[in-house]
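Working through the structure, step by step
As a plain string of letters, each chain reads:
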Amino acid sequence: MYINMGNTNTCQLFRDCLRLIQHIAPGHSPKGTALKTMLRSEFVKSSTLKSSDEIENAKNNAVRALSNYMLYESGSKDNKLKKSMDRFNNETLSSSPNKENTPPTSKE
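These lines cover the structure that appears in this document, whether it is placed above or below. Note that this is a predicted model, so its numbers are computed, not measured.

Okay, the overall build of the protein next. Each helix and strand counted, the protein has five helices and zero strands in total. Ordered by position from the N terminus, the helices and strands of the protein form the series α-α-α-α-α. Classification of the 108 residues of the protein by burial places 11% in the buried group. Contacts in the protein between residues far apart in sequence, at least 24 positions, make up 43% of those at least 6 positions apart. For the protein, the exposed surface amounts to about 9,100 Å²; the carbon and sulfur share of it is 58%.

If you look at the biggest cluster of nonpolar residues, it comprises eight residues: Leu13, Cys17, Leu20, Ile21, Leu39, Ala62, Leu66 and Tyr69. Counting only elements with at least two residues in this core, the list comes to helix H1 (5-24) and helix H3 (52-77). Discounting residues that sit within four places of it in the chain, Cys17 has contacts with Leu39 and Leu66.

It is worth spelling out the pattern of salt bridges at this point. All chains considered together, the criterion is met by two salt bridges. Note that Glu42 is salt-bridged to Lys45, the shortest N-O span being 3.3 Å. One end of the pair, Glu42, and the other, Lys45, are both in helix H2 (residues 30-46), three residues apart, so they sit about a helical turn from each other.

Okay, helix H4 (residues 79-94) next. In this model H4 runs 22 Å from its N-terminal to its C-terminal C-alpha over 16 residues, within 8% of the 22 Å that 1.5 Å per residue would give. Capping the start of H4 is the job of one residue whose side-chain oxygen sits 3.3 Å from the backbone nitrogen of Lys80: Asp78.

A few words on the packing of aromatic side chains. Evaluation of the coordinates by the stated rule reveals one aromatic pair. Ring geometry for Phe14 and Phe43: centres 4.9 Å apart, planes at 75°, overall edge-to-face. Taken together, the positions of Phe14 in helix H1 and Phe43 in helix H2 put the pair 29 residues apart, joining distant regions of the chain. By relative accessible area, Phe14 is classed as partly exposed at 23%.

A separate point is the packing of H3 against H4. At a minimum axis distance of 6 Å, the contact between H3 and H4 shows a crossing angle of 115°. The hand of the H3/H4 crossing is left-handed. Packed against H3, whose contacting residues are Leu71, Tyr72, Ser74, Gly75, Ser76 and Lys77, the element H4 presents Asn79, Leu81, Lys82 and Met85 at the interface. For the contact of H3 with H4, the per-class residue count stands at four nonpolar, four polar and two charged.

Conventions and cut-offs
- Residues numbered from 1 in each chain as written.
- Predicted model: local features only at pLDDT ≥ 70, side-chain atom pairs only at ≥ 80, totals over all residues.
- Heavy atoms only, no water.
- Helix = DSSP H or I, 4+ residues; strand = E, 2+ residues; numbered from the N terminus.
- Buried < 20%, exposed > 50% of the residue type's maximum accessible area, 1.4 Å probe, protein only.
- Contact = heavy atoms within 4.5 Å.
- Areas by Shrake-Rupley, 256 points an atom, 1.4 Å probe, with all protein chains shown as cover.
- Core = buried A, V, L, I, M, F, W, Y, C linked by side-chain atoms within 4.5 Å.
- Salt bridge = Lys/Arg side-chain N within 4 Å of Asp/Glu carboxyl O.
- Expected span 1.5 Å × (residues − 1).
- Polar contact = N/O pair within 3.5 Å; in protein donor to acceptor, adjacent residues only side chain to side chain.
- Phe/Tyr/Trp six-rings, centres within 6.5 Å; stacked < 30°, edge-to-face > 60°.
- Axes fitted to C-alpha atoms, helices over the stretch in contact; angles between N-to-C directions.
- Left-handed = near helix turned anticlockwise from the far one by under 90°.
- Nonpolar A, V, L, I, M, F, W, Y, C, P; charged D, E, K, R; others polar.

Here it is in structure tokens:
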């Protein structure tokens, strides 16, 4: 019997994302329903991809989303990481949108 490992990995990734949504918004809350709908639409949209590079990119994006959430959750429990994340968020929020894309100027 032939098992396509690409599909197996994609299915497992989809299940992991669903588990994460269940963790974030348990039950049948509006937030959970919206997240499931968004997840499903993203996976359906990606189902038409043909290029292996595009498929890997879509998988990497899903893994990145899972990793970011895990980092966020662990940051809320670890004081040192929480302080670093708060400092980063404060610096990001305090920077103006115009300064974001301009390179820093040297003061010589």
